[in-house]
Number of protein chains: 2
Amino acid sequence: MTDKLTDRLIARIDELKNPSVVGLDTSFDYLPDDMKKPCKTLEDAAKAITEFNYRLIDKTFDIIPAVKVQVAYYEMYGVEGLKAFENTVRYAREKGLVVIGDVKRNDIGSTASCYSKAYLGSIKVNDNVFSPFPCDYITVNGYLGEDGIKPFVEDVVNFDKGIFVLVKPSNPSSGQLQNKKFEDGNTLFESMGKLVEQWGEPTIGKYGYSAVGAVVGATHPREAEILRQLMPHTLFLVPGYGAQGGTANDLKVCFDDNHRGAIVNSSRGIITAYKKSHAGMKFDDAARAAAIDMQQDLYKAIYC
Amino acid sequence: MTDKLTDRLIARIDELKNPSVVGLDTSFDYLPDDMKKPCKTLEDAAKAITEFNYRLIDKTFDIIPAVKVQVAYYEMYGVEGLKAFENTVRYAREKGLVVIGDVKRNDIGSTASCYSKAYLGSIKVNDNVFSPFPCDYITVNGYLGEDGIKPFVEDVVNFDKGIFVLVKPSNPSSGQLQNKKFEDGNTLFESMGKLVEQWGEPTIGKYGYSAVGAVVGATHPREAEILRQLMPHTLFLVPGYGAQGGTANDLKVCFDDNHRGAIVNSSRGIITAYKKSHAGMKFDDAARAAAIDMQQDLYKAIYC
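Notes on the structure follow. Model, not experiment: these values are computed from the prediction. (Residues numbered from 1 in each chain as written. Chains lettered and ligands numbered in written order. Predicted model: local features only at pLDDT ≥ 70, side-chain atom pairs only at ≥ 80, totals over all residues. Heavy atoms only, no water.)

### Observations concerning the pairing of strand S7 (residues 162-168) of chain B
All names here are of chain B. This is how it is decided: Throughout, exposure labels follow a simple rule: accessible area from a 1.4 Å probe, protein chains only, divided by the maximum for the residue type, with under 20% read as buried, over 50% as exposed, and the rest as partly exposed. Secondary structure elements follow DSSP: runs of H or I of four or more residues count as helices, runs of E of two or more count as strands, with numbering from the N terminus. Strands pair, by our definition, only if DSSP identifies at least two bridges between them. Seen with the strands pointing away from the viewer, any crossover whose path from the first strand over the helix to the second strand runs clockwise is right-handed.
The element S7 is extensively covered by neighbouring structure, given that seven of its seven residues are classed as buried. Here strand S6 (residues 137-140) pairs with S7 via four bridges, running parallel. Following the sheet pairing, Ile138 is matched in S7 by Ile163. Handedness of the S6-helix H7 (residues 146-159)-S7 crossover: right-handed. Note that S7 and strand S8 (residues 212-216) share five bridges and pair parallel. Within S8, the residue paired with Lys168 across the bridge is Val216.

Okay, here's the thing in structure tokens:
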């Protein structure tokens, strides 16, 4: 039996001792002035963003296991932006990176299956088969319950893919509904977490983690600790490290005793490092330096 | 003071005595064989879908107030599909229709503002301003709470747009989480509904309805009745009529005493009418006939 996607991701994290993910939330504003200046159209902006991403990937693919591409930052440049998204996804996979499409899609079953075809599965036009935006994992929102999640899980199984369901995202107001307690004693985020653990059960791999993960923010360490207990077979995608305020110490509760169980995203902290922590360096060199800093910061908290 | 979007939509519904929305969930499979047969690529499929939509719009724009374009059905054809989405949105608006982009976007604040720029507001590339997918309304998912909704509401105000927040969608498992009761006695869908009513307050227009609407399925009449009471200033976008099993009688609880307060979507029931209720007719004529049937069905239940 060949290893499944989540097993391969965990093996690569073990090998690099690096559970970090570089978030390509590439706003045009993040680009260096010399790349921005000549741009006039959405097409110009999208091409500059693509080039920026390629150079970031070239300088980091050997030291990180995965990238997360936030589609909102591409959709805002329209159709041209989505070309940049597609090209970035394809390029990162060619370089051997695991690609998480951060798309937070959700809908009723028949419509969810369209989204799933777009990002995980494939679509037929007469006899020809296409995979329009071929991600490894995508993020999804579970507010609609099981029949909105099922089509994704089917493609996860059929195409060896994965999903991360929003359970306790990193934003400040996430608790407004998610931390409210139901009559049965569970909060909404705990109820969502239990469902996610259940949805993933048939896909548990050799390290004990399933292909149905959960988004759990580094900014909510108490909730993360509860969820780690409730969801022993669920891989966490952890946003909120760095620019949003989450520290390596905050998020170490997401990991198990074998230093596994989570991948940690940093976006602005890496891709705009040339403006901040590594000012004065070229943007791609600065990103590599910031990615190494992040690896060491996480390593100390999680492995030591 | 000029009328705001929601006022204009309600006025047009009053004029036509027709609160219905044609859902352009245009899967390639829905096209007549002669349009499908020559297609080999995603580009071919997307162009055929666009032509199908244009002909549907041409045959219905004078008798309906609005269309809802479900982006998942376009995303599954990749970048080319999103061109078809953009072209459909622009064409429908040129014909005077109100356009609802059914995108169910959601994210943390900074990222939600990217989505909002894509569909409601605008984006700058140096000095040039673009509106990539210029919808009137979009649907959004409120699982992340207020700071994920705020950026949309800001653009609603600044650009005279609207949103519909998922409260009680039409799918069978929507109750799995949404119908669970919190300790304070409210279900999740009621809590979401109260927040939506609150978020819309500053935008209430001359008919008493705000620009922050709610998605409330025709398949859940009991819940819809509760929500109509809880959310007196919230316009409902009602999916689930027709193909999904909701009837005109089920959804009349969504309307107020002035026959206002909701718009009702039908997708497959209209756009595939040439295969079912109006078999034998050309697809666009069949769609018009089905749209007239729907208007009369709703009229009897709501106005009489």
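Moving on, there is more to tell.
### Notes on the packing of aromatic side chains
Spelled out, the test is: Side-chain rings of Phe, Tyr and Trp (the six-membered ring for Trp) are treated as a pair once their centres are within 6.5 Å; stacked means planes under 30 degrees apart, edge-to-face means over 60, and tilted covers the remaining angles. A ring is considered to have a charge above it if a Lys NZ or an Arg CZ atom is located within 6 Å of its centre and within 35 degrees of its normal.
For the coordinates displayed, the defined rule picks out 21 aromatic pairs over all chains. Both rings, one in Tyr274 of chain A and one in Phe283 of chain A, keep their centres 6.3 Å apart while their planes meet at 65°; by these two values the pair is edge-to-face. With relative accessibility at 14%, the residue Tyr274 of chain A sits in the buried group. Through a chain of ring-to-ring contacts, three or more aromatic side chains come together here, namely Tyr74, Phe85, Tyr119 and Phe133 of chain A. Its end group placed over the ring of Phe236 of chain A, Arg228 of chain A keeps NZ or CZ at 3.9 Å from the ring centre. Lying over the aromatic face of Phe61 of chain B, Lys95 of chain B brings its terminal NZ or CZ to 4.7 Å of the ring centre.

### Some thoughts on unusual backbone geometry
Residues and elements named next belong to chain A. Even without being a glycine, Asp160 presents a positive backbone phi close to 55°. Following the sequence through the fold, Asp160 ends up in the loop between helix H7 (146-159) and strand S7 (162-168). Even without being a glycine, His259 presents a positive backbone phi close to 65°. Tracing the chain through its elements places His259 in the loop between helix H11 (248-251) and strand S10 (262-266).

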